[in-house]
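Okay, here's what each chain looks like letter by letter:
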Amino acid sequence: MLKATAAAAALGLLNTAIPAARAQDGVPGLTFGPAQPFSFELLKETARRMVDEPYVGPAKPAPEVVEQIDYDAWGKIKFDLDKALYADGPGRFPVSFFHLGKFFAKAVEMHVVEDGAARQIIYDPALFDMPADSPAHRLANGAGFAGLRIQEAKDGALDWRKNDWVAFLGAAYFRSIGALHQYGLSARAVALDVALPDKAEEFPDFTKFYIDNSAPENGLTVYALLEGPSIVGATKFVMTRGVGVIMDIEQALFLRADITRFGIAPLTSMYWFSETRKAMAIDWRPEIHDSDGLAMWTGEGERLWRALNNPLRTMASAFSDTNPRGFGLLQRDRVSDHYLDGVYYDRRPSLWVEPKGQWGKGTLQLIEIPTDDEIHDNIVAMWVPDKPIKAGDSLDLAYRLHWQADEPTPTDLARCVATRMGNGGQPGQPRPKGVRKFMVEFQGAPLAELPYGVLPEAVLWSSRGTFSYVFTEAVPDDVPGHWRAQFDLTVSGSEPVELRLFLRNGDKTLSESWVYQYHPF
């Protein structure tokens, strides 16, 4: 061990000495540092103390080596699952680790928690299977890990060696699978100054993880220390594996600097194109997206659906609310023929945020960034409080994340299932310039229960422009309760137009409210 420490210091792999370490009984292949007292309260106190200290940031071990572990080389490095934490118990869910690489170059400390004490898990290249010529062989003991993943239960229906259900990797990002066993969008601990014209976004890091298998019975608890130039925080994740995944999150955040746009419970996804709008021959597939809309449940109980855009320039939309009941980026389109590829966009999870306690006044903000490929996340949804967040402030937050196929408490109203656009006017007639036709589809029990011959009314609003050729009809597919509202919008200029639509019968509301930002073209 002393030789490994000396070698690491000589190569610049470590910024501190490795504590005396030993192998843990019942954990073959893993080496641990000495025990230190640990609790969530102690972690919060550490964060509270660090906010007054200069920001140092996570270590970047041996950059000349890690830089050579590019995407292809990194993908060939596999953790040896025989050496996974909890591979031989206790508990049901083994934990494996990600290796450092060019795109994940910051070292993250891993610790295991047991009986009120934490021991650091020491990095060793022998924990990974890698090609003989991999640059990773040149990293010494103690270099650190890039992240962690939680494998499926050893006694579960899926092979735990081939399947995992939670992953923490990169900055303060994390993700989980839903009920359809597929990864998709991500969440993160906090979003700082997203998409501001005069200020760069800050990406704080999880720098230390503490893994505790003592509770819940069907899951794990993970604690994380968050560090950035403007913020320090402690986060507790109580994660339960059932039909999908539930995460109960507690955060204590401490601010070093003023934040202009402070995003709470931020969700990050990808939307390239869908049935709404697609450039000719941009791709052979009909649709490509991890999420197709933002669902909102306001404090007053209104249900909203905002279909997503891939705009020509970065756009920020804000929906004012007080004490929201929930919001989420959802994947509602579950028809595999709408995607026609092998990466299972039809199975991507929906992610719903359920606030705990009173979040007060603020705005649910949606950031949409242009993208020309499916490899780029370009959608952010987050809660932004009205009260400015300043240096010296502290926040205590709690919320629940639902990684599922759908939102956990869907509305009884008909829901929007598609947004389509085309040239305005009537078939067989000259198509007028500057007129766009919209077809917005809804489906649900209130529409299926309409008496024969009764047409729902389309209630429309726009920030500018005029409507024409407005009507509703049942979609001719023999699906009960599947209706569409059609309208033409005439508008001049290129500035975005805000639209709103819902269906009603007399004074009875039949559907959630469809909201959309139309960019004339």
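In this text, all values refer to a predicted model and were calculated from it rather than measured experimentally.

Caption draft 1: Layout of the overall build of the chain. If you tally the helices and strands in the chain, you get five helices and 36 strands. The C-alpha radius of gyration of the chain comes to 25 Å, within 12% of the 24 Å expected for a compact globule of 521 residues. When its C-alpha atoms are laid out on the principal axes, the chain stretches across 85 × 45 × 40 Å. Looking at the chain residue by residue over its 521 residues, the buried ones come to 54%.

Caption draft 2: Inspection of the sheet that holds strand 30 (residues 435-443) at higher detail. Judged by pairing direction, the sheet is antiparallel, and its four strands sit side by side in the order 29-30-33-32 without closing on themselves. In the strand order of this sheet, the two ends are held by strand 29 (415-423) and strand 32 (466-474), each with one partner. Put simply, the sheet's adjacent strands are angled 15° from each other on average, direction ignored. Relative to strand 33 (residues 482-490), strand 32 runs antiparallel, the two being bridged by seven bridges. Residue pairing in the sheet places phenylalanine 471 in a bridge with glutamine 486 of strand 33.

Caption draft 3: View of the pattern of salt bridges. Taken as a whole and assessed by the stated rule, the structure comprises 30 salt bridges. Lysine 356 is paired through a salt bridge with aspartate 248; the nearest N and O atoms lie 2.8 Å apart. Remark: aspartate 248 occurs in strand 17 (residues 244-255) and lysine 356 occurs in the loop between strand 25 (350-355) and strand 26 (361-368); sequence separation between them is 108 residues.

Caption draft 4: How the structure looks around the packing of aromatic side chains. Applying the stated criterion to the full structure yields 33 aromatic pairs. Taken together through their ring pairs, the aromatic side chains of Phe438, Phe467, Phe487, Trp514, Tyr516, Tyr518 and Phe521 make up a single cluster. Taking NZ or CZ as reference, arginine 303 lies 3.8 Å from the ring centre of tryptophan 297, over its face. The cationic tip of arginine 332 hangs over the ring face of tryptophan 305; the distance from NZ or CZ to the ring centre is 3.8 Å.

Caption draft 5: Looking closely at unusual backbone geometry. Of note, the amide linkage connecting glycine 89 to proline 90 takes the cis form, showing an omega dihedral of -5°. As for its position among the elements, proline 90 is in the loop between strand 4 (78-79) and strand 5 (95-98). In this chain, alanine 215 is followed by proline 216 through a cis amide linkage whose omega measures 0°. By secondary structure assignment, the location of proline 216 is in the loop between strand 14 (205-212) and strand 15 (219-228). Phi is positive for alanine 265, which is not a glycine, with a value near 50°. Among the structural elements, alanine 265 can be located in strand 18 (residues 262-269). On the accessibility criterion, alanine 265 (1% relative accessible area) is buried. One non-glycine residue, tyrosine 469, lies in positive phi territory at about 50°. Tracing the backbone through its elements, the reader meets tyrosine 469 in strand 32.

Caption draft 6: Spatial organisation of helix 2 (residues 40-50). Listed in full, the buried residues belonging to helix 2 are Phe40, Leu43, Lys44, Ala47 and Met50. Angularly, the buried residues of helix 2 cover 125° about the axis, an arc narrow enough to put them on a single face. At its buried positions, helix 2 is contacted by strand 14, strand 15, strand 16 (231-242) and strand 17.

Caption draft 7: Representation of the nonpolar core within the structure. Of all hydrophobic cores here, the largest spans 93 residues; its most connected members are Leu85, Phe97, Phe174, Phe206, Met247, Phe262 and Leu401. Phenylalanine 206 has contacts with Val108, Phe168, Ala171, Ala172, Phe174, Ala189, Ala224, Leu225, Leu226, Thr235 and Phe237, leaving out every residue within four places of it along the chain. Residues Ala307, Cys416, Val440 and Ala458 belong to the second largest nonpolar core, which totals 28 residues.

Here is what the cut-offs are and how they apply
- Throughout, residues of each chain are indexed from 1 in the direction in which the sequence is written.
- Totals for whole chains, interfaces and linings use every residue, but because this is a predicted model, local features are given only for residues with pLDDT of at least 70 and side-chain atom pairs only at 80 or more, for both listing and counting.
- Side-chain figures throughout are based on the complete set of non-hydrogen atoms in the structure, without hydrogens or water.
- Strands here mean DSSP runs of E at least two residues long; helices mean DSSP runs of H or I at least four residues long; both are numbered from the N terminus.
- C-alpha atoms define the radius of gyration in this analysis, and the globule rule sets the expected value at 2.2 Å times the number of residues to the power 0.38.
- Accessibility here uses a 1.4 Å probe with only protein chains present; expressed as a share of the type maximum, an area under 20% marks a residue as buried, one over 50% as exposed, and anything in between as partly exposed.
- Two strands are counted as paired when DSSP detects at least two bridges linking them.
- Whenever a helix is involved, its axis is fitted only over the stretch in contact; in every case the axis is a line through C-alpha atoms, and angles between N-to-C directions fall within 0 to 180 degrees.
- Any Lys or Arg side-chain nitrogen found within 4 Å of a carboxyl oxygen on Asp or Glu counts as a salt bridge.
- Here a Phe, Tyr or Trp ring, Trp counted by its six-membered ring, pairs with any other such ring whose centre lies within 6.5 Å, and the pair is stacked when the planes are under 30 degrees apart, edge-to-face when over 60, and tilted otherwise.
- Any Lys NZ or Arg CZ that is within 6 Å of a ring centre and within 35 degrees of that ring's normal is treated as a charge sitting over the ring.
- An arc is given here, and it is the one of the directions from the helix axis to the C-beta atoms.
- Contacts are assigned to residue pairs with any non-hydrogen atoms lying within 4.5 Å of each other.
- Residues grouped as a nonpolar core are buried Ala, Val, Leu, Ile, Met, Phe, Trp, Tyr and Cys residues, joined through side-chain atoms within 4.5 Å.

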